[in-house]
Amino acid sequence: MEKKRPYCLMELVLLVLFLVIDWTVCDDPYRFYTWNVTYGDIYPLGVKQQGILINGQFPGPGILAVTNDNLIVSVFNSLDEPFLLSWNGVQQRRNSWQDGVYGTNCPIPPGRNFTYVLQVKDQIGSYFYFPSLAFHKAAGGYGGIRIDSRPLIPVPFDTPAGDYTILAGDWYKMNHTDLKAILDGGNDLPFPDGLLINGRGSNGFTFPVDQGNTYRLRISNVGLTTSINFRIQGHKIVLVEVEGDHTLQTTYSSLDIHLGQSYSVLVTADQPPQDYYIVVSTRFTSQVLSATSILRYSNSGGGVLAPPPGGPTIQIDFSLNQARSIRQNLTASGPRPNPQGSYHYGMINTTRTIRLANSAPVINGKQRYAVNSVSFIPADTPLKLADHFNIPGVYSLGSISDYPTGGGDYLQTSVMAADFRSFFEIVFENQEDSVQSWHIDGHIFFVVGMDGGQWSPDSRLNYNLRDGISRCTIQVYPLSWTAVYMPLDNVGMWNVRSENWARQYLGQQFYLRVYSPVMSLRDEYPIPSNALLCGRAAGHRSRSF
């Protein structure tokens, strides 16, 4: 459910009083969403399961916005357990209060409501939302987010005839509660049972096109454990956007999309009129799973005439070379009219180097995952609230090292301290034999390098300091490293996590506390007056008008 219109001053005052909107800009429109979160029976792989539905839908309703829009999302939790939604890729400028992970927000109790107040400030592109607690993501509850450019901002390609969101990823036939029990018991998950495209198995979804027209497809990997490859039978795809960054328009026959990543491609319906397979398949797995949808020409003379096209399977060099070919379009405008290339990230001196190494230890007889030997455990109080109310003993700054220690792995609520307006070099180091996918909330980073072997200071000699893509989720190949440059331009408490949801759940995450000593609205919004308080923050007051 959505409504949109600008508000004058008096209407804005009323809006603040009744909808608890705390800090917004009158010139930027509002979009209102009311969502009821329930359980419901779903059959995505032909087996009855308990799914998480939003307004009765799986996947949930899409969010359509324009740069700088204010999104008012009222979420009613009709489940029998606490619930949170997070917004993968939405930067929450000055506003980690709305990030929707347990480090920043108290869960919405059963039978209660919480209204998120977001602004997609200075953003364009393709993203998704998802449930962040209790392995709910394995039950659904996710949906697409599309942020269009403002009308006067040029886009580096003609307006497509249609714009489709594709949410693809692996899926299990077991309920999320059973998967969670496996992890809680100290075991890893089994191999997935299949792949879904927009909540359905093979041939469950059709995308209509008219011959001769060009269409935009926004593809996100919303799965739990595996990278995927995307391709369309008989058609080439042109990459145009990665998580809010316009790319050089490179043509591919297929595209690898790792966990948590989002891409936009253009496809032109320039083939003989018939049906064609859209295919996703798993990457880097000994058993290859696949799912198909249909690209249907409006003047199609019949069904699909050939089997689905094959794609890459375990080849790492193919994926690595493709990733290196994804570059920023320096002359295109982003959310603002100035060219993307006007931000010269390669000319900024880094203030600190962080090296993050993932590992898979067994701690106290149970499978865990760790970063720099620390396996994250949630505190009894959201970290952002403990920070705000100065509650001692919830976490300790510096509880995770800047580099791999080589020591024994242990459990800890790990938080790294960082200064506002610093500029980090972050090196993700993967000495395991599986692909890793990392996400950082609240920020974008520039991908400057990736290669096999061990990273060293000499690796900087081959960094791309000119047109590296900026994004918020990046892969690290087996026995390899990936380096990024990241401006810390957003005050708050931000989750750094594996997008492999089993690894995230079992500890491969931590929080980055970006701190400014200046108590100013220019740097960070105050705690929302409707903030839920729990744990040791219960009994405190947020604030009144």
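A quick note: this is a predicted structure, and the numbers were derived from the prediction, not measured.

**Details of the overall build of the protein chain**
Then, number 1: Tallying secondary structure elements over the protein chain gives 5 helices and 36 strands in all.
Then, number 2: Against the globule reference of 24 Å for 545 residues, the protein chain gives a C-alpha radius of gyration of 22 Å, in line with a compact fold.
Then, number 3: Along the first, second and third principal axes, the C-alpha atoms of the protein chain reach 70 × 60 × 50 Å.
Then, number 4: When contacts within the protein chain are restricted to residue pairs at least 6 apart in sequence, those whose partners lie at least 24 apart make up 77%.
Then, number 5: By element, 52% of the accessible surface of the protein chain is carried by carbon and sulfur atoms, the whole surface being about 20600 Å².

**Topic: the sheet that holds strand β19 (residues 275-283)**
Then, number 1: Ordered in space as β12-β20-β19-β14-β17, the 5 strands form an open sheet in which the pairing is mixed. Sheet topology places β12 (206-209) and β17 (254-257) at the edges, where each strand pairs with a single neighbour. Recorded for the sheet is a direction-independent mean angle of 20° between the axes of neighbouring strands.
Then, number 2: Here 4 bridges tie β12 to strand β20 (residues 290-297), and the two strands are oriented parallel to one another. Each residue of the ladder has a partner; that of Phe207, found in β20, is Leu295.
Then, number 3: The strands touched by helix α3 (residues 316-325) are β14 (227-232), β17 and β19; relative to β17, the strand with the most contacts, the crossing angle is about 90°.

**Side note on the packing of aromatic side chains**
Then, number 1: A full pass over the atoms with the stated rule returns 24 aromatic pairs.
Then, number 2: Geometrically, the ring pair formed by Phe58 and Tyr142 is edge-to-face, given 5.7 Å between the ring centres and 65° between the ring planes. Here the residue Phe58 occupies a position in the loop between β3 (49-54) and β4 (63-66), and Tyr142 occupies one in the loop between β8 (125-131) and β9 (143-148), the gap between them amounting to 84 residues. In this structure, Phe58 and Tyr142 share a single accessibility class: buried.
Then, number 3: Aromatic rings pair up to connect Tyr33, Trp35, Trp87, Phe114, Tyr116 and Tyr129 into one cluster.
Then, number 4: In this structure, Lys137 packs its charged tip against the face of Phe130, placed 5.2 Å from the ring centre.
Then, number 5: The lysine or arginine in question, Lys384, covers the ring of Trp97, its NZ or CZ lying 4.9 Å from the ring centre.

**Description of the state of the cysteines**
Then, number 1: Across all of its chains, the model carries 1 disulfide by this definition.
Then, number 2: Here Cys106 is linked by a disulfide to Cys534, with a sulfur-sulfur distance of 2.1 Å. An S-S torsion of about -95° defines the bridge between Cys106 and Cys534 as left-handed. Here Cys106, found in the loop between β6 (85-88) and β7 (113-119), pairs with Cys534, found in the segment after β36 (509-515); they are 428 residues apart in sequence, far enough to count as distant. As far as burial versus exposure is concerned, Cys106 and Cys534 are alike and both buried.

**Focus on the pattern of salt bridges**
Then, number 1: Considering all chains together, one arrives at 26 salt bridges under this definition.
Then, number 2: Asp275 is the partner of Arg296 in a salt bridge, and the nearest nitrogen-oxygen pair spans 2.9 Å. Of this pair, Arg296 sits in strand β20 while Asp275 sits in strand β19, placing them 21 residues apart in sequence.
Then, number 3: Residues Arg503 and Glu432 are paired through a salt bridge, measuring 2.4 Å at the closest nitrogen-oxygen approach. Note that Arg503 is positioned in helix α5 (residues 501-505) and Glu432 in the loop between β29 (423-430) and β30 (436-440), a separation of 71 residues in sequence.
Then, number 4: On the basis of relative accessible area, Arg503 is assigned to the buried category, the value being 7%.
Then, number 5: Relative accessible area serves as the criterion here: at 16%, Glu432 is assigned to the buried category.

**Things to note about the pairing of β20**
Then, number 1: Of all 8 residues in β20, 6 are buried, a share of seventy percent or more.
Then, number 2: For β19 and β20, the ladder comprises 7 bridges, and the chain directions are antiparallel. Considered in β20, the bridge of Ser281 is made with Ser290.
Then, number 3: Linking β19 to β20, which pair antiparallel, is a turn of 6 residues; within it Phe284 sits at a positive phi near 60°.

**Examining the sheet that holds β8**
Then, number 1: Spatial ordering of the open sheet is given by β4-β9-β8-β6, a layout of 4 strands whose pairing is mixed. The open sheet has two edge strands with one neighbour each: β4 and β6. Averaged over neighbouring strand pairs, the angle between their axes works out to 25° when direction is ignored.
Then, number 2: Pairing of β8 with β9, which is carried by 5 bridges, proceeds in the antiparallel orientation. Following the sheet pairing, Ser126 is matched in β9 by Arg146.

**Topic: the environment of Ser342**
Then, number 1: In this fold, Ser342 is placed in the loop between α3 and β21 (352-359).
Then, number 2: Once the C-alpha coordinates of Ser342 and Thr405 are considered, the two residues, 63 residues apart in sequence, prove to be 38 Å apart.
Then, number 3: A distance of 3.2 Å separates a polar atom in the side chain of Ser342 from a polar atom in the side chain of Asn338.
Then, number 4: A distance of 2.7 Å separates the side chain of Ser342 from the backbone oxygen of Pro339, its partner in a polar contact.

**Observations concerning the pairing of β8**
Then, number 1: Of all 7 residues making up β8, 7 are buried, and the element is well covered by its neighbours.
Then, number 2: By the alternation rule, side chains of β8 split into Gly125, Tyr127, Tyr129 and Pro131 and Ser126, Phe128 and Phe130, which are all buried.
Then, number 3: As paired strands, β6 and β8 are joined by 4 bridges and run antiparallel to one another. Paired with Asn88 across the bridge in β8 is Phe128.

Cut-offs used in this document
Numbering of residues starts from 1 in every chain and runs along the sequence as written. Residues qualify for local features only when their pLDDT is at least 70, as the model is predicted, and side-chain atom pairs are given and counted only at 80 or more; totals for whole chains, interfaces and linings, by contrast, use all residues. To get the side-chain values, take all heavy atoms of the structure and skip hydrogens and water. Put simply, DSSP H or I for four residues or longer makes a helix, DSSP E for two residues or longer makes a strand, and each gets a number counted from the N terminus. The reference for a compact globule is 2.2 Å times residues^0.38; the radius of gyration itself is calculated from the C-alpha atoms. Any two residues whose heavy atoms approach within 4.5 Å are treated as being in contact. Computed with a 1.4 Å probe, the accessible areas rest on the Shrake-Rupley method; for each residue, only the protein chains presented here act as cover. Here, strands pair whenever DSSP counts at least two bridges between them. In this analysis, axes come from line fits to C-alpha atoms, helices being fitted only over the stretch in contact, and the angle between any two N-to-C directions falls in the range 0 to 180 degrees. Pairing of aromatic rings covers Phe, Tyr and Trp, the last counted by its six-membered ring, and requires centre-to-centre distances within 6.5 Å; plane angles under 30 degrees mean stacked, over 60 mean edge-to-face, and any other angle means tilted. With a 1.4 Å probe rolled over the protein chains alone, any residue whose accessible area is under 20% of its type maximum counts as buried; one over 50% counts as exposed, and the rest are partly exposed. Only Lys NZ and Arg CZ are tested; either one counts as a charge over a ring when it is within 6 Å of the ring centre and within 35 degrees of the ring normal. Any two cysteine sulfur atoms within 2.5 Å of one another count as a disulfide. Put simply, a salt bridge is a Lys or Arg side-chain nitrogen that is within 4 Å of an Asp or Glu carboxyl oxygen. Counted as a polar contact is a pair of N or O atoms within 3.5 Å, where, for protein atoms, one must be capable of donating a hydrogen and the other of accepting one, and residues adjacent in sequence contribute only when both atoms are in side chains.

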